[in-house]
Amino acid sequence: MATQTERHSTLPQRVGQMNGAWRLFVIGALAVLGFGIYSFWQEATQGMVVTGMRDVGTMGGATWGLYITMVVYFIGVSFAGITVAALIRIFNLDHLKPIARTAELLTVVSLILGGLAIIVDLGNPMRGVVNLFKYARPQSPFFGTFSLVVAGYLFSSLVYLYLGGRRDAARLAKSPSRLQWFHRLWAAGYADTPEERDRHDRASFWLAIAIVPLLVVAHSTLGFVFGLQVGRPGWYGTLQAPAFVALAGVSGIGHILILAAIVRKVTATPHRIGEAIFAWLGKFLLGMLLVYLYFMVVELLTLVYATPETEKRLSDALLTGEFAWIYWGSVAALVISAVVLIWQAVVRRWSVTWLVAVGVLANLAAIGKRYLIVVPSQTHGTLLPYDTGSYSPSVVEFGVIAGLFALGALLIGLFFKAFPALPIEDESEEVIANA
Amino acid sequence: MKYGMVVDLDRCQGCRACMEACKVENNTAQGHFWMYVFRYEEGSFPETQINFLPRPCQHCDNAPCVKVCPVGARFSREDGVVLTDADRCIGCRYCELACPYGVNYFNWRKPEKGQYEIVDWSDPDLEPVTGGAIPPYRNPDLDGLHGEEQRRTGGGSQAKGVMEKCTFCVQRIEKGLQPACVTTCPTDALVFGDKTDASTPVGRYLAEKRTWRLLEEAGTEPSVFYVGSRPPTHRSKEIERPKASV
Amino acid sequence: MRRFWTAACLVVGVVLMVVGYTASAPWGTESVAHSDPRFVFAPAVFVLGVVIAFSSALVYELLPEKRRH
């Protein structure tokens, strides 16, 4: 036993160490994931009638519900991760380097979840995957979502994560451990010579420069999925694409704040993930919040000042009707978040607890807003005189989505057990872990 | 040659025989109304007016559903008919959302569960009568490949997880027949044919009468033209809605 | 050598992207042709092009320098 503990403790940041709490976390996540897979199985065998979705129009339902809400949400969250990592690289924000890898991982995992959420929503998932590769059409906004977001964006983020981790992998590969094969594979012969470091700097710089326009296009395409549909009041509009990008930033940075706090706690590195990092993230979040709140105000004023006939039913339902609690709740969550951030900026004291609370609030608001984009335009937005519809998600939908979140938590947790979340500083960190 | 339909609202009496005929011809599932007839009311009592509005798929020339289909399962033919290839459809339901008219239906259930449960059609005692077909009035023409393009476009709820909608009875028009709704209408309120030829009944309507189309402002260029009455507005309130959910 | 392969990756990637995109179903709604790509799997070619183009970064970092003796 002693030899085993010795072996494991040579790796920093608790990599390779599995204690009771960790095992409990894995078991819990696997249980929820199992329930998610079971729920999906029901849907795959019995048909999507087990969800709460129904046809728009005569059936009085919403045909896109919680699944598409989560697709938009997950892809939105992925925006901030790689953007933060790219900004750190392009503008050499060295003091933020400790969270770069966490941010990159967040992008990769949330894109995987977003892709899975799309597949789960298809009536024919297996055929869907094959037929998209065979027949996907560029004039459908989905083409961009499929080819640029899931393929291009995911792949480039993976490449960025991989290349950025080679130095640490080479370091870790020197220590004998059960994960040595994995670290050696990742390092792929990295020798940490000045020349290699130069090369990596250059490659990561240009990669970051290339990824940023790709993700702006990808998120705008997602906005176009909704914004180009002339037949759906509440969807058709020029503001959808920019608003999608802004809310993506809000939810993504909220997530980074939460993850950074967790990583800080679990790896016990408050000196590296310190107030400076949280301050920067808090200010960035505040900036994106203010942009998004501005969009919301403009949208609200335009709607209320002159409501077109086609949008009257929808607007009433959103502002004073059955969706009002989600609408005003989300607005309140975003405004409270902004106020808390402004206050922290003014007193120049950034508290991790408050920031995590803001991160959670901002994400809840993001889910609420995404839901409000997807559902009301279907139940309350028919142009012909159909009766108003209704939609309530079923247990199957909640189960699948819970499974997706569990999968995400599991992927992140497993990754940080196999690889350090923070870039390794120097030899002394390994010594500390040994003691 | 481009197919079009004229709906004469001065003749339509809202009997909904067309809805029933469509159902029998195309074996649509419970809650699916490829042809639908709105019965709606305007004004408030005692100055109310009741109107009927048949709403098949409009087979738009600039169909938004065709534009958004990610895999080309929903496509437009040269003769103007907009069809869905059940072999290629992945069930994303984007066409349903792009359509301003609400004519699309998704197969939420397995075929044997989707039909009307007047009796249990899979009961072995019924087999000598139905020959095992569910529903017993199954139309075998729906299963094949249609048109020059040879695609499985008949629809009729044979598979779960795919979209379908009014096909202008593709399996009938290729035999030279008229769509089921047109043939059944007791007052000849529905007229179908080549809208580019002024000598056909459709062409004559278009040449001689003032026609309008639903949701012109959406720019979809529908092929279904209405004569008489006037378009519904947001004051129109639907009445006598069929129980249509599953 | 490395520069060559990196550039080759980028060029091949972009070419595949252009070919894949233009060979995917054409824009328009008037006929059946607007629902089919020029060849099946054309979108896969586009995605492959994106992947290869970004792989140029991997090539740039991973390929060893040609040793001069």
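Definitions and limits used
Residues numbered from 1 in each chain as written. Chains lettered and ligands numbered in written order. Predicted model: local features only at pLDDT ≥ 70, side-chain atom pairs only at ≥ 80, totals over all residues. Heavy atoms only, no water. Helix = DSSP H or I, 4+ residues; strand = E, 2+ residues; numbered from the N terminus. Buried < 20%, exposed > 50% of the residue type's maximum accessible area, 1.4 Å probe, protein only. Contact = heavy atoms within 4.5 Å. Areas by Shrake-Rupley, 256 points an atom, 1.4 Å probe, with all protein chains shown as cover. Lys, Arg positive; Asp, Glu negative; His and termini not counted. Charge placed at Lys NZ, Arg CZ, Asp CG, Glu CD. Rg over C-alpha atoms; globule rule 2.2 N^0.38 Å. Pairing = 2+ DSSP bridges. Axes fitted to C-alpha atoms, helices over the stretch in contact; angles between N-to-C directions. Core = buried A, V, L, I, M, F, W, Y, C linked by side-chain atoms within 4.5 Å. Buried area = accessible area lost by both parts, 1.4 Å probe. Salt bridge = Lys/Arg side-chain N within 4 Å of Asp/Glu carboxyl O. Polar contact = N/O pair within 3.5 Å; in protein donor to acceptor, adjacent residues only side chain to side chain. Nonpolar A, V, L, I, M, F, W, Y, C, P; charged D, E, K, R; others polar. Arc of directions from axis to C-beta. Parallel < 35°, antiparallel > 145°, perpendicular 65-115°, else oblique. Left-handed = near helix turned anticlockwise from the far one by under 90°. pLDDT = per-residue confidence, 0-100. Phe/Tyr/Trp six-rings, centres within 6.5 Å; stacked < 30°, edge-to-face > 60°. Lys NZ or Arg CZ within 6 Å of the ring centre and 35° of its normal.

On to the overall build of chain A. Helix and strand counts for chain A stand at 16 helices and zero strands. Projected onto its principal axes, the C-alpha coordinates of chain A cover approximately 75 × 55 × 40 Å. The buried share of chain A, reckoned over its 435 residues, is 61%. Excluding contacts between residues fewer than 6 apart, the proportion of contacts in chain A whose partners are at least 24 apart in sequence is 80%. For chain A, the accessible area works out to roughly 17,000 Å², and carbon and sulfur atoms hold 70% of it. Averaging the coordinates of the 31 positive side-chain charges in chain A and doing the same for the 25 negative ones gives two points 4 Å apart.

This brings us to the overall build of chain B. Check the secondary structure of chain B and you find eight helices and 11 strands. The C-alpha atoms of chain B give 18 Å as radius of gyration, which agrees with the globular expectation for 246 residues (18 Å, within 12%). Based on the C-alpha atoms only, the size of chain B along its principal axes is roughly 55 × 45 × 30 Å. Expressed as a percentage of its 246 residues, the buried residues of chain B come to 59%. Within chain B, residue pairs in contact and separated by at least 24 positions form 65% of the contacts whose partners lie at least 6 positions apart. For chain B, the exposed area adds up to about 10,000 Å²; of that, 50% sits on carbon and sulfur atoms. The average position of the 31 basic charges and that of the 34 acidic charges among the side chains of chain B differ by 4 Å.

Below, the discussion takes up the sheet that holds strand S10 (residues 224–227) of chain B. Note on sheets: strands pair through backbone hydrogen bonds, and any given pair is parallel or antiparallel. Residue and element names in this part refer to chain B. If you walk across this open sheet you meet the four strands as S8-S1-S10-S9, and the pairing is mixed. Only two strands of the sheet have a single neighbouring strand rather than two, namely strand S8 (190–194) and strand S9 (211–212). Note that strand S1 (residues 3–8) and S8 share five bridges and pair antiparallel. Residue Val7 lies in a different strand from S8, and its bridge partner there is Leu190. In the packing of helix H8 (residues 201–208) onto the sheet, contacts are made with S1, S8, S9 and S10, and the angle to S8 comes to roughly 105 degrees.

Membership of the largest hydrophobic core comes to 207 residues, with the highest contact counts inside it found for A:Trp64, A:Phe226, A:Val250, B:Met5, B:Phe168 and B:Leu190. Contact partners of B:Phe168, with chain neighbours within four places excluded, come to B:Tyr3, B:Met5, B:Cys57, B:His59, B:Val81, B:Ile173, B:Pro179, B:Phe192 and B:Val224.

So, about the interface of chain C and chain B. Tallying the contact residues gives six residues for chain C and 14 residues for chain B. Counting the surface lost from both chain C and chain B, the interface buries some 730 Å², and carbon and sulfur atoms represent 50% of this. It is C:Thr29, C:Val32 and C:Ser35 that lose the most area in chain C upon contact with chain B, and together they represent 71% of the buried surface on that side. Across the contact surface, chain C and chain B share two salt bridges. Measuring nitrogen to oxygen at the nearest pair gives 2.4 Å for the salt bridge that ties C:Asp36 to B:Arg88. Remark: the boundary between chain C and chain B carries seven residue pairs in polar contact (both at pLDDT 80 or more). Class assignment of the residues belonging to the side of chain C that touches chain B gives a composition of one nonpolar, three polar and two charged.

Residues lying three or four places apart along an α-helix face the same way, a consequence of the helix completing one turn every 3.6 residues. All names here are of chain A. Among the residues of helix H7 (residues 180–187), Gln180, His183, Trp186 and Ala187 are the ones counted as buried. Buried residues of H7 fall within an arc of 130 degrees about the axis and therefore sit on the same side. Seen from the buried face of H7, the exposed residues on the opposite side, beyond 90 degrees, are Trp181 and Leu185. On the buried face of H7, the contacting elements are helix H6 (141–173) and helix H15 (395–418). Immediately beyond the C-terminal end of H7, within one or two residues, lies Ala188, with a positive phi of roughly 50 degrees.

A pair of packed helices can be characterised by two numbers: the angle between their axes and the separation between those axes. Running from amino to carboxyl end, H6(A) crosses helix H2 (residues 42–62) of chain C at an angle of 15 degrees, the nearest separation of the two axes being 10 Å. When the axes of H6(A) and H2(C) are compared, the pair comes out roughly parallel. Relative to H2(C), H6(A) is oriented so that their crossing is right-handed. On H2(C), the residues that touch A:Phe143, A:Phe146, A:Ser147, A:Leu148, A:Ala151, A:Gly152, A:Phe155, A:Ser156, A:Val159, A:Tyr162, A:Leu163 and A:Arg166 of H6(A) are C:Pro43, C:Phe46, C:Val47, C:Val50, C:Val51, C:Phe54, C:Ser55, C:Ala57, C:Leu58, C:Glu61 and C:Leu62. Residues of the contact of H6(A) with H2(C), tallied by class, amount to 17 nonpolar, four polar and two charged.

This part is about the confidence of the model for chain B. With 100% of its residues at a pLDDT of 70 or more, chain B shows a mean pLDDT of 92. Predicted as a complex, the structure gets a pTM of 0.93 and an ipTM equal to 0.92.

So, on to helix H11 (residues 309–319) of chain A. Those residues of H11(A) that fall on the buried side of the exposure criterion are A:Glu311, A:Leu314, A:Ser315, A:Ala317, A:Leu318 and A:Leu319. In the core, the buried residues of H11(A) are packed alongside helix H10 (275–305), helix H12 (324–347), helix H13 (352–374) and helix H14 (376–379) of chain A.

In this section: the interface of chain B and chain A. At the junction of the two partners, chain B supplies 52 residues and chain A supplies 49 residues. For the pair chain B and chain A, the summed buried area comes to about 4,300 Å², and 56% of that belongs to carbon and sulfur atoms. Of all residues in chain B, B:Tyr94, B:Leu97 and B:Trp108 give up the largest surface area on contact with chain A, accounting jointly for 19% of the area buried on that side. In this structure, the salt-bridge partner of A:Asp121 is B:Arg93, at a minimum N-O distance of 2.8 Å. Of all elements in the fold, only strand S2 (36–42), helix H2 (64–68), helix H3 (94–98) and strand S6 (105–106) of chain B reach the threshold of two or more residues within the side of chain B that touches chain A.

This next bit is on the sheet that holds strand S11 (residues 237–238) of chain B. Residues and elements named next belong to chain B. Pairing is antiparallel across the open sheet formed by three strands, whose spatial order is S3-S2-S11. Edge positions in the open sheet fall to strand S3 (49–55) and S11, since each of these has one partner strand only. Pairing of S2 with S3, which is carried by seven bridges, proceeds in the antiparallel orientation. Pairing of Tyr40 across the sheet is with Asn51, part of S3.

Moving on, we get to the environment of A:Leu404. Residues and elements named next belong to chain A. Residue placement: Leu404 occurs in helix H15. A relative accessible area of 7% places Leu404 in the buried class. In the structure, Leu404 is positioned 288 residues away from Leu116 in sequence and 7.9 Å away in space, judged by C-alpha atoms. Aside from chain neighbours lying at most four places away, what touches Leu404 is Phe74, Leu113, Leu116 and Ala117.

A separate point is the packing of aromatic side chains. Evaluated as defined, the whole model comprises 36 aromatic pairs over all chains. Taking NZ or CZ as reference, B:Arg151 lies 4.5 Å from the ring centre of B:Phe75, over its face. Lying over the aromatic face of C:Tyr60, C:Arg2 brings its terminal NZ or CZ to 6.0 Å of the ring centre.

What follows concerns the confidence of the model for chain A. Residue and element names in this part refer to chain A. For chain A, the mean per-residue pLDDT works out to 89, and 95% of the residues sit at or above 70. Contacts of residues 1–8 to residues separated by more than four positions or lying in other chains number eight contacts, the stretch itself having pLDDT below 50. Confidence drops under pLDDT 50 across residues 429–435; counting only partners more than four residues distant or on other chains, this segment forms 14 contacts.

Residues and elements named next belong to chain B. Most of S2 sits out of view: six of its seven residues are buried. Adjacent in sequence and paired antiparallel, S2 and S3 are bridged by six residues, among which Gly43 carries a positive phi angle near 85 degrees. The pairing of S2 with S11 spans two bridges and is classified as antiparallel. Bridging from a neighbouring strand, Tyr40 pairs with Glu238 of S11.

The next thing to look at is the packing of helix H3 (residues 66–90) of chain A against H13(A). All names here are of chain A. Where H3 meets H13, the closest approach of the two axes is 9 Å, and the angle between their N-to-C directions is 130 degrees. As summarised for this structure, H3 and H13 are arranged oblique, according to the angle between their axes. For the pair H3 and H13, the crossing hand works out as right-handed. Between H3 and H13, the contacting residues are Leu66, Ile68, Thr69, Met70, Val72, Tyr73, Gly76 and Val77 on the first element and Asn363, Ala366, Ile367, Arg370, Tyr371 and Val374 on the second.

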